[in-house]
Structures are given as C-alpha cells and as structure tokens.
There are 2 protein chains.
Amino acid sequence: MSPRGRPRAFDREGALTKAMYVFWARGYEGASLADLTAAMGINPPSLYAAFGGKEALFREAVKHYCAVYGGFTERALREQPTARAAVEAVLRDNARDYVDPAHPSGCMVVLAATNCTPANQGVHDHLRALRRETQESITRRLREGVEDGELPEDTDVEALGGFFTTVLNGLSVQARDGATLPELTASIDVALVAWPAGARE
Amino acid sequence: MSPRGRPRAFDREGALTKAMYVFWARGYEGASLADLTAAMGINPPSLYAAFGGKEALFREAVKHYCAVYGGFTERALREQPTARAAVEAVLRDNARDYVDPAHPSGCMVVLAATNCTPANQGVHDHLRALRRETQESITRRLREGVEDGELPEDTDVEALGGFFTTVLNGLSVQARDGATLPELTASIDVALVAWPAGARE
DNA sequence: CCCTTTCTTTAGCGGTCGCTACAATAAAAG
DNA sequence: CTTTTATTGTAGCGACCGCTAAAGAAAGGG
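Residues numbered from 1 in each chain as written. Chains lettered and ligands numbered in written order. Predicted model: local features only at pLDDT ≥ 70, side-chain atom pairs only at ≥ 80, totals over all residues. Heavy atoms only, no water.

A.B. asks: I would appreciate a short explanation of helix α3 (residues 44-51) of chain A in the present structure.
C.D. replies: Residues and elements named next belong to chain A. Taken together, the buried positions of α3 are occupied by L47, A50 and F51. Angular distribution of buried residues about the axis of α3 spans 80°; they occupy a single face of the element. α3 presents P45, Y48 and A49 as exposed residues on the side facing more than 90 degrees away from its buried surface. The positive-phi residue at the C-terminal boundary of α3 is G52, with phi of around 100°. (Buried < 20%, exposed > 50% of the residue type's maximum accessible area, 1.4 Å probe, protein only. Helix = DSSP H or I, 4+ residues; strand = E, 2+ residues; numbered from the N terminus. Arc of directions from axis to C-beta.)

Written out as structure tokens, the structure is:
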C-alpha cells in the first residue's frame, strides 16, 4: 500500500525540526527560504510541496515546538500536586530549557515574531494567541489552587498569573541576551518570594 | 553664518522622531526604507545625506529614544530617595509609558531587534548592550541601598537586579501583546512583594 | 514494456530590499 | 551677475525575497 508516484527522498519530520531551529534562532521574517532550504537539505519546490509555503511551514514548526518544548509547561500544570509546585516547575523547567545549548536560547513562541511587518500580522497574532493561552493555563491552575485551599480565598489569580507570565516572558529575553542558568534560577527564586502568604495546606 | 549650499528642506529632528516610531513599531528589519521615507516625508537620498544609512539612522533613533523615554529610568534611579522607591518608580513609570497610546507599545530597546539576521548582528548586540546597562544600573542602585542600610547586608543584589530586569523586559512583551495598564500594574504589585524583608530604615 | 503519479532539480519569475548616480534646484560666496 | 556648495526628486542599480514553471527521475499499475 505504498503511495503512488516517486517517494519523498528526505525525512519530513527531520526537515521540519531543522526548519524549527532556523525559525527559533532567526525569527519568522529573519529566516529566508534560502536559510531554510539549506538547513533542511532540500530545494524550494520540495519545501513547497511538502509544507505549502513559508508561513505554513512556520505554523507547523511552531506546532512541533509546542509539542516538544511546550510540553513540560502543560505537564507541570497538570501533574504537579500543588499550584505552587506547578508554577515553580513551569518556571524552572522552561528556564533550564531556555539555556540548553542543544538549541537556540529562549522561547520560540516569545522570540520568533515579536515584531512583524503588516504583511505578516497573522504570524504575530498566532504566537500572541499561544502566549495568551499559556497565561490562561497558569491562571487557571492558580484558580484551582484557591479552590483547593492552597491559596487564600482573596487571591487575585489574574494578577498572579499575569505576573508569572511576565516573568516567564522576561526570562526568554534574558536567555537570549546570554544569561546563564544560575542567573535565571536566581530570578526565579526571587519571583517565588512573591507567592502569597497565608496558604492553608 | 549659515552653512553653504542649499538648505535642508525638512526638520531633521522631526524626521528622526518619525523614523523612531517606525522602528519602534516594526523593529529594525521590519522597517523598510520605503516605510521610513514615507513616514519621514523625504526621499532616500535625503535620508542618506542626513543620517548616513538605515543602520546609522536606527542607532540615532535609539539614542533619541533613550534620551526621551529611557530618561525616567535613569532619573528614577538617581532622584528617588530609596532603592525601593527607585525600583518601584522604574517599573511603574515604564509600564505607564509602555501602554501610552501616543506611541507604539512596549520598550523599543527590548522589542526592536530581538531576532536578527546575521547580517544585522551589530544592531542586535547594540540593543543587548543597552539592556545590560539598564540591568547594571538597577543592580548598582540596589547595592547602594544595601550600603545605605535600606536592604539587608546579605541581599543578593545581582539576583534582585536580574529579577527586576526580567520583569521589566517581560512587561514589554505583555504590553506588546495588548495588556492594559491595570494588568501591568497588577504584575508590578506582585513583583514588589518579592522585595526583601528586614530593611533597617 | 509504457503510462501515470509524485518528487526531484534547474532555472528564473515579479517584487522588494538598501542604496546611489545623476541632474535640477536653491542657497551663500565672490 | 557667476561660482561654489549642498540638498532635492527621479530613476534605477545589483542583490535578495518568496515562490513556481518546466523538465527529468523514481516509484507503482497495466
């Protein structure tokens, strides 16, 4: 049951990973098709046939990024026993990854399209929506923490969620600027001092 | 004592301000010469004669930005009576400005060149150096606070300065994503909870 | 074998990029 | 006035952008 026609000569997922790294390092507009095809080891028509174009490739690369690297954010929020442990794990796990020399620094969702030409507004909006989802996930976990009695009843979960998201986004900028893991960790240690006092549990 | 030759027909500083807004909104690489000349109301040769080129214009626009908008950071650190008041003023003043509808949102130094092609590495490095200077200024002010007895002797000023810089950078991302001033203010309120306890004064 | 289908490479499309040669223009200097 | 100096608008440079037409190449179906 092989497909008809000539089989693809390259590994699609491997090429997608290479493209992800290029977008991650240079941003959407900073990554040219020449950069992408060189990294993927293919020619433009192969890219177009397999992925549809630059923007479609980017969106798929972002999806792949979220599946691989956005995973521990969702996992931490879901699996950690307390809201406090969840938020702490989100910050520390992401910070550790932001400086992993195995790939570009910082978060691709934060850094790949911070400024865009009007022609690529859609790309910017797409990543902004993903950032908003992260903030909502964190805020939702905090709300559960209030309901579970881990946090005071009068906790402003919106403010707290906005704060930790702000820190998370700031860590990406710091990582891209060359901050080391101990430096990021030190910032996280300070940030967690702001965790509300008066927990019941 | 007028200069020789034909006088310039446009206001140089006004054109520089217009260029700053374009760079601020679209980033260095996202701002084309056509965008810039259209906003400045001049033709490319006038831009080149008056400013030297795109990168030189950008650097001058950044300098102008720092003079106008970076001003209250330096002023707050210099004029506020305590380290605590200084850092709080830096955060609140900048946040208020990040969402000022009179100009693009967020901080130009943070957002205008977060990702660059290798050809424009110099622009990226220039802004990174400015961000580092901000962090060092904040950290220096914290160290003075320790020396003045406002902060505990064992305060990790590097960690605290890194934390507030992380928050400051994160606020730019949040502002660019459409966060309102109350939302940014709420994050700042939380961040200041992390201020070390045990001050003498 | 040939035909169909799909991927491959080559080559290049129209458009935009940052930048500049050139000639016309407008001022001061003599 | 003429000469000198500098800015102006026009018009277009070579290079690169994302993308694709065209033809060759590699598979299955007959």
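A.B. asks: When you look at the protein's contact with DNA strand D in this model, what are you seeing that I'm missing?
C.D. replies: Taken together, 21 residues sit near DNA strand D, with L33(A), Y48(A), G5(B), N43(B) and S46(B) positioned nearest. Counting only the atoms of DNA strand D within 4 Å of the protein, the fraction contributed by sugar and phosphate is 66%. In the model, a phosphate oxygen of DNA strand D is placed 3.3 Å from a nitrogen or oxygen of the A31(A) main chain. At a separation of 2.8 Å, a phosphate oxygen of DNA strand D approaches a polar backbone atom of A9(B). Counting only elements with at least two residues in the surface near DNA strand D, the list comes to α3 of chain A together with α3 (44-51) of chain B. The biggest single contributor to the surface near DNA strand D is α3(A), with 3 residues. When its residues are assigned to classes, the surface near DNA strand D shows 10 nonpolar, 6 polar and 5 charged. (Near = heavy atom within 4 Å. Polar contact = N/O pair within 3.5 Å; in protein donor to acceptor, adjacent residues only side chain to side chain. Nonpolar A, V, L, I, M, F, W, Y, C, P; charged D, E, K, R; others polar.)

A.B. asks: Which parts of the structure should I look at to understand the relation of the copies chain B and chain A?
C.D. replies: The pair of chain copies shares a relation made of a rotation about an axis and a shift along it. Once turned by 180° and shifted 0.0 Å along the axis, chain B lies on chain A with an RMSD of 0.1 Å. In the structure described here, the two chain copies are related by an operation that fits a two-fold rotation axis. Residues of chain B ranked by C-alpha distance from the rotation axis are headed by G170(B), positioned 1.9 Å from it. A share of 100% of the interface residues of chain B reappears at the interface of chain A, consistent with the copies meeting face to face through the same patch. (Least-squares fit on C-alpha atoms with pLDDT ≥ 70 in both. Contact = heavy atoms within 4.5 Å.)

A.B. asks: Any chance you could explain the pattern of salt bridges here in plain terms?
C.D. replies: Charged atoms that come close allow side chains of opposite charge to pair. Residues and elements named next belong to chain A. For the structure shown, the criterion picks out 24 salt bridges over all chains. With a closest N to O distance of 3.2 Å, D125 and R128 form a salt bridge. One end of the pair, D125, and the other, R128, are both in helix α8 (residues 121-147), 3 residues apart, so they sit about a helical turn from each other. The class of R128 is partly exposed, set by a relative accessible area of 26%. Shared partners join several salt bridges into a network, and the residues in it are R84, E88, R92 and D189. (Salt bridge = Lys/Arg side-chain N within 4 Å of Asp/Glu carboxyl O.)

A.B. asks: Would you mind going over the side chain of H124(A) with me for this structure?
C.D. replies: Tracing the chain through its elements places H124(A) in helix α8. Residue H124(A) is classed as buried on the basis of its relative accessible area, which comes to 7%. Not counting residues within four places of it along the chain, the set of residues in contact with H124(A) comprises A113(A), T114(A), C116(A), R131(A) and R176(B).

A.B. asks: How should I be thinking about the protein's contact with DNA strand C in this particular structure?
C.D. replies: Taken together, 23 residues form the shell around DNA strand C, and within it G5(A), A9(A), N43(A), L33(B) and Y48(B) come nearest. Taking all atoms of DNA strand C within 4 Å of the protein, the share assigned to sugar and phosphate is 67%. Within the contact set of DNA strand C, a phosphate oxygen lies 2.6 Å away from a backbone nitrogen or oxygen of L33(B). Counting only elements with at least two residues in the surface near DNA strand C, the list comes to α3 of chain A together with α3 of chain B. Per element, the largest residue contribution to the surface near DNA strand C is 3 residues, and it comes from α3(B). Here the residues of the surface near DNA strand C sort into 11 nonpolar, 6 polar and 6 charged.

A.B. asks: I would appreciate a short explanation of the side chain of R141(B) in the present structure.
C.D. replies: Residue and element names in this part refer to chain B. Checked against the element boundaries, R141 lands in helix α8 (residues 121-147). Take R141: its relative accessible area is 7%, and that puts it in the buried class. Excluding residues that lie within four positions of it along the chain, R141 makes contacts with L77, Q80, P81, T82, A83, A86 and E150.

A.B. asks: Would you mind going over the interface of chain B and chain A with me for this structure?
C.D. replies: How large an interface is tends to be reported as the accessible area lost when its parts come together. Listed per partner, the contact involves 39 residues of chain B and 39 residues of chain A. Here chain B and chain A share an interface that buries about 3000 Å² over both sides, 56% of which is from carbon and sulfur atoms. Contact with chain A buries surface across chain B, with N115(B), T166(B) and D177(B) losing the most and accounting together for 20% of the total. Across the contact surface, chain B and chain A share 2 salt bridges. Of the charged contacts in the structure, one is a salt bridge between R131(B) and D177(A), with a shortest N-O distance of 2.7 Å. Our count for the contact surface shared by chain B and chain A stands at 15 residue pairs in polar contact (both at pLDDT 80 or more). Broken down by secondary-structure element, the contributors of at least two residues to the side of chain B that touches chain A are α1 (12-26), α7 (108-111), α8, α9 (157-176) and α10 (181-193) of chain B. (Buried area = accessible area lost by both parts, 1.4 Å probe.)

A.B. asks: Help me understand the environment of P45(A), please; the structure alone is not making it clear to me.
C.D. replies: Along the chain, the position of P45(A) falls in helix α3. A sequence separation of 30 residues divides P45(A) from A15(A), and the C-alpha atoms of the two residues are 14 Å apart.

A.B. asks: Just checking my understanding: could you explain the packing of aromatic side chains for this structure?
C.D. replies: For any pair of aromatic rings, the description rests on two quantities: the centre-to-centre distance and the angle between the ring planes. A full pass over the atoms with the stated rule returns 19 aromatic pairs over all chains. Consider the rings of Y21(A) and W24(A), whose centres lie 6.4 Å apart with planes at 25°: the pair is stacked. Here W24(A) and Y21(A) lie together in helix α1 (residues 12-26), a separation of 3 residues that amounts to about one turn. According to the relative accessible area criterion, Y21(A) is partly exposed, its value standing at 28%. W24(A) sits in the buried class, given a relative accessible area of 0%. With centroids separated by 5.8 Å and ring planes inclined at 40°, the aromatic side chains of F164(A) and W195(A) adopt a geometry described as tilted. Note that F164(A) is positioned in helix α9 (residues 157-176) and W195(A) in the segment after α10 (181-193), a separation of 31 residues in sequence. Through successive ring pairs, a cluster of aromatic residues spans F163(A), F164(A), W195(A), F163(B), F164(B) and W195(B). Directly above the ring of Y28(A) sits K54(A), whose terminal nitrogen or CZ lies 4.7 Å from the centroid. (Phe/Tyr/Trp six-rings, centres within 6.5 Å; stacked < 30°, edge-to-face > 60°. Lys NZ or Arg CZ within 6 Å of the ring centre and 35° of its normal.)

In short, the description is geometric, and any link to function would need to be established separately.
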